[in-house]
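Survey of secondary and tertiary structure
Take a look at the letters that make up each chain.
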Amino acid sequence: MAQRRVTDYFARRRSGPPACLPRAKQVLRTPSPAKPAPGVPAPALSDPPGGSRKRPRPAADPAHDEPAPPARRRLRLPLPPTPEPADAVPGKDTISELQACLQQARKLGARVQALRAYAQEGDAKQSSVPEPEGHPAEPCGEKAPAYQRFHALAQPGVPGLVLPYKYQVLAEMFRSMDTVVGMLHNRTEAVTFAKVKQGVQDMMHRRFEERNVGQIKTVYPASYRFRQERNIPTFKDGIKRSDYQLTIEPLLDQDASRAAPQLTASWLLQRRRIFSRNLVARVKEHHKAFLATLDPPMEVPEDQLTRWHPCFNVDEVPDIEPAELPRPPPTEKLVTAQELLARARSLMSPRMEKALNDLALRTAEPSSPGSPCPVLPATPPAAHNALKGVSQALLERIRAKEAQKQLAQMTRRPEQEQRLRQLERLPELARVLRGVFVSERKPALTMEVACARMVGSYHTAMSLGDMEQHLQLLAELLPDWLTLHHIRTDTYLKLDKAADLVGLTVRLAHLARTEEGL
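These remarks concern the structure in this document. On a predicted model such as this, the values are computed, not experimentally measured, just so you know.

Okay, the overall build of the chain next. Looking only at helices and strands, the chain features 15 helices and five strands. A total of 518 residues make up the chain; the buried ones form 23% of that total. Considering only contacts in the chain between residues 6 or more positions apart, those separated by 24 or more positions represent 63%.

Taking strand neighbours across the sheet as the criterion, the three strands line up as β3-β5-β4 in an open arrangement whose pairing is antiparallel. Strands at the two margins of the open sheet, each flanked by one partner only, are β3 (444-446) and β4 (482-487). For this sheet the average axis-to-axis angle between neighbouring strands, irrespective of direction, equals 30 degrees. By the bridge criterion, three bridges tie β3 to strand β5 (residues 490-495) in an arrangement that is antiparallel. Across the sheet, Leu445 pairs through a bridge with Leu493, a residue of β5. On the sheet, helix α12 (residues 414-440) packs against β3, β4 and β5 and is oriented at approximately 95 degrees with respect to β5.

Residue Pro296 is reached from Asp295 by a cis peptide bond, and omega for that bond is 0 degrees. Locating Pro296 in the fold gives a position in the loop between α8 (265-292) and α9 (337-343). At His205, a position not held by glycine, the phi torsion is positive, near 55 degrees. Assignment of secondary structure puts His205 in the loop between α6 (193-204) and α7 (210-219).

Turning next to the packing of aromatic side chains. Under the defined criterion, the tally for this structure stands at seven aromatic pairs. Centre to centre, the rings of Phe290 and Phe312 are 5.5 Å apart; their planes meet at 50 degrees, and the pair counts as tilted. Placement of Phe290 in helix α8 and of Phe312 in the loop between α8 and α9 is noted, with a sequence separation of 22 residues between them. Each member of the aromatic cluster is reached from another via a ring pair, and the members are Phe174, Tyr220, Tyr224, Phe226 and Phe275. The lysine or arginine in question, Arg271, covers the ring of Tyr224, its NZ or CZ lying 5.0 Å from the ring centre.

Buried together is how nonpolar side chains tend to be arranged in soluble globular proteins. By size, the foremost hydrophobic cluster in this structure holds 41 residues, and its most contacted members are Met177, Val196, Phe208 and Phe275. Every element with two or more residues in this core is listed here: α5 (165-186), α6, α7, β1 (224-229), β2 (245-250), α8 and α11 (392-410). Leave out the neighbours within four places in its chain, and Val196 touches Met177, Val180, Val181, Val191, Phe208 and Ile248. Within the second largest apolar cluster, 30 residues are counted, among which are Phe437, Leu445, Leu471 and Leu493.

Our next topic: the side chain of Thr192. Tracing the backbone through its elements, the reader meets Thr192 in the loop between α5 and α6. When sequence neighbours within four positions are dropped, the list of residues in contact with Thr192 reads Ile232, Gln245, Leu246 and Thr247.

With that settled, consider α12. With 27 residues, α12 should cover 39 Å at 1.5 Å per step; its first-to-last C-alpha distance of 37 Å lies within 8% of that length. Bending of α12 peaks at approximately 40 degrees at the position of Leu426, with proline Pro427 no more than four residues after it. Those residues of α12 lying buried are Glu417, Leu420, Gln422, Leu423, Leu426, Pro427, Leu429, Ala430, Val432, Leu433, Val436 and Phe437. One or two residues past the end of α12 sits Arg441, with phi positive at roughly 55 degrees.

Taken together, the side chains of Leu387, Val390, Leu394 and Ile398 present a nonpolar region at the surface, about 300 Å² in accessible area. Within the secondary structure, Ile398 is located in helix α11.

Now for the pattern of salt bridges. Any two side chains of opposite charge can pair, given that their charged atoms come close. Evaluated as defined, the whole model comprises 18 salt bridges. Across the salt bridge formed by Arg271 and Asp178, the nearest N and O atoms sit 2.9 Å from each other. Here Arg271, found in helix α8, pairs with Asp178, found in helix α5; they are 93 residues apart in sequence, far enough to count as distant. Each member of the pair, Arg271 as well as Asp178, is classed as buried. Put simply, Glu189 and Arg187 hold a salt bridge, and the shortest N to O gap is 3.2 Å. Overall, Glu189 belongs to the partly exposed group, its relative accessible area being 31%. Where salt bridges share partners, they join Arg225, Arg227, Glu229 and Glu249 into one cluster.

Rules of the game
- Position numbers for residues count from 1 along each chain, tracking the sequence in the order it is written.
- Reporting in this predicted model follows two pLDDT cut-offs: at least 70 for local features of residues, and 80 or more for side-chain atom pairs to be given and counted; totals over whole chains, interfaces and linings ignore these cut-offs and use all residues.
- Each side-chain value is worked out from all heavy atoms of the structure, with water and hydrogens disregarded.
- Counting from the N terminus, the helices are the DSSP runs of H or I reaching at least four residues and the strands are the DSSP runs of E reaching at least two.
- The buried label applies to any residue whose accessible area, calculated with a 1.4 Å probe on protein chains only, is under 20% of its type's maximum; exposed applies above 50%, and partly exposed to all values in between.
- Two residues qualify as a contact provided that any one of their heavy atoms is within 4.5 Å of a heavy atom in the partner residue.
- Between any two strands, at least two bridges found by DSSP are needed for them to pair.
- Axis lines are fitted through C-alpha atoms, for helices just across the contact stretch, and the angle between N-to-C directions can take any value from 0 to 180 degrees.
- Within 6.5 Å between ring centres, the rings of Phe, Tyr and Trp (the latter by its six-membered ring) count as paired, and their orientation is classed by plane angle as stacked under 30 degrees, edge-to-face over 60, tilted in between.
- Note on criteria: charge over ring means Lys NZ or Arg CZ within 6 Å of the ring centre, with the direction from the centre no more than 35 degrees off the ring normal.
- Here, the term nonpolar core denotes a set of buried Ala, Val, Leu, Ile, Met, Phe, Trp, Tyr and Cys residues that are joined through side-chain atoms within 4.5 Å.
- By this rule, a helix spans an expected 1.5 Å times one less than how many residues it contains.
- Across the chain, bend at a residue is computed as the angle between axes fitted to the seven residues ending at that point and the seven starting from it.
- Nonpolar side chains (Val, Leu, Ile, Met, Phe, Trp, Tyr) are joined into patches within 5 Å and like charges within 9 Å, using only residues with over 30% relative accessible area and no salt bridge.
- Where accessible areas are quoted, they stem from the Shrake-Rupley method and a 1.4 Å probe; at the residue level, only the protein chains shown are allowed to cover.
- Definition used for salt bridges: Asp or Glu carboxyl oxygen within 4 Å of a side-chain nitrogen of Lys or Arg.

Given below as structure tokens:
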């Protein structure tokens, strides 16, 4: 038989499917050692007999009898994955994940419902509470910012009789108002509220209204005289000359030599001091009422009070009630039908007169007033559960001791406050000073060297002058441990290194507690 092509020889020797199958170029691909390609039988463990190194062709897949496209037939691409049946059962991990997601969604839904119910309840409470009369309505949930609520805590320096933030703002308003009124008064110009309002707002960049003027009158009644006057030139389109305006006149001591006293700078300073003293006196009244509510009650003379009680919140002092200012005289206006009937009785027909009489009777009937909301009495706070079973005598002694400590703190002078702070630092400074002497290995050190070493070793920043004051106080309290020797222009420190440092710190702490209780 004649050989037509070279490949016919190898086709006769190849074992596998019959030669009737369509011939295609074999793509030499290295199969994966871990997982064979789909549709390809697993390779044998040993080579087939005959020594041929070529692999058998894959058997035809009965599920895909359609002829493959030319590219797939040529490249022998793997067949597309068959879709899983619809009744396939998911794994246990998938079911557990779905259950966890469902449970989390239920929790979030319950939380959202609870928040909505809480918000609706809060809105209902706010709508049910009536607004207080005489005060402007504030937005729901709005409160004063932190720099106003904690203004007293942010004041620098030694604590003293600090005014609330709103009182300080009122004092600044009085200063600005006095300055503007003084300028207009010295020029013998009519001082109206419209002029003063514009000047104060330009100076403070803050709203200034008649309510603030009423507060100033409450604090300092003898500062101004207020009147309602008209026929005052205003040079404004919104105000007519015939309209009543609130005029302000400063009250000054009349001098016999001068007809019209001037509001000089000394007067301005004196009036400002009087206004500040009146504000402090008002806060002292609230502080006195607060001390009376303590257990046990406390009473501090006003001339000995140097600072407020630690539990007294200065910035929560109630606002000053504005005093009543003069109002324009009422003008005759026809408001009700009865007044109109009395004015034009002679000009109306009997039928119109009868209709107006009926309307007057209907409007004269008193409307049913709304029932006022009952005011619930304030209930005293219940005793703490932790104090149950404790002896009442012991509680009284503790409260008396705490009241005595707070009384001493409120009547303490600034010099005593500074000495107490120095005494609190002395135990730590004594340990630092001993360490400096041990590291220097000298029996004595000059004051400059000791202060410089201690300033670098102390955990808080301190100047050399302050450190020298602390060392002098330490030598005054512990003369048997630290001594000062003045030789010519220098001062030397000599320390007893053999002394017990623990006993010295205990002595210093005891001295600090003793002076704190005085």
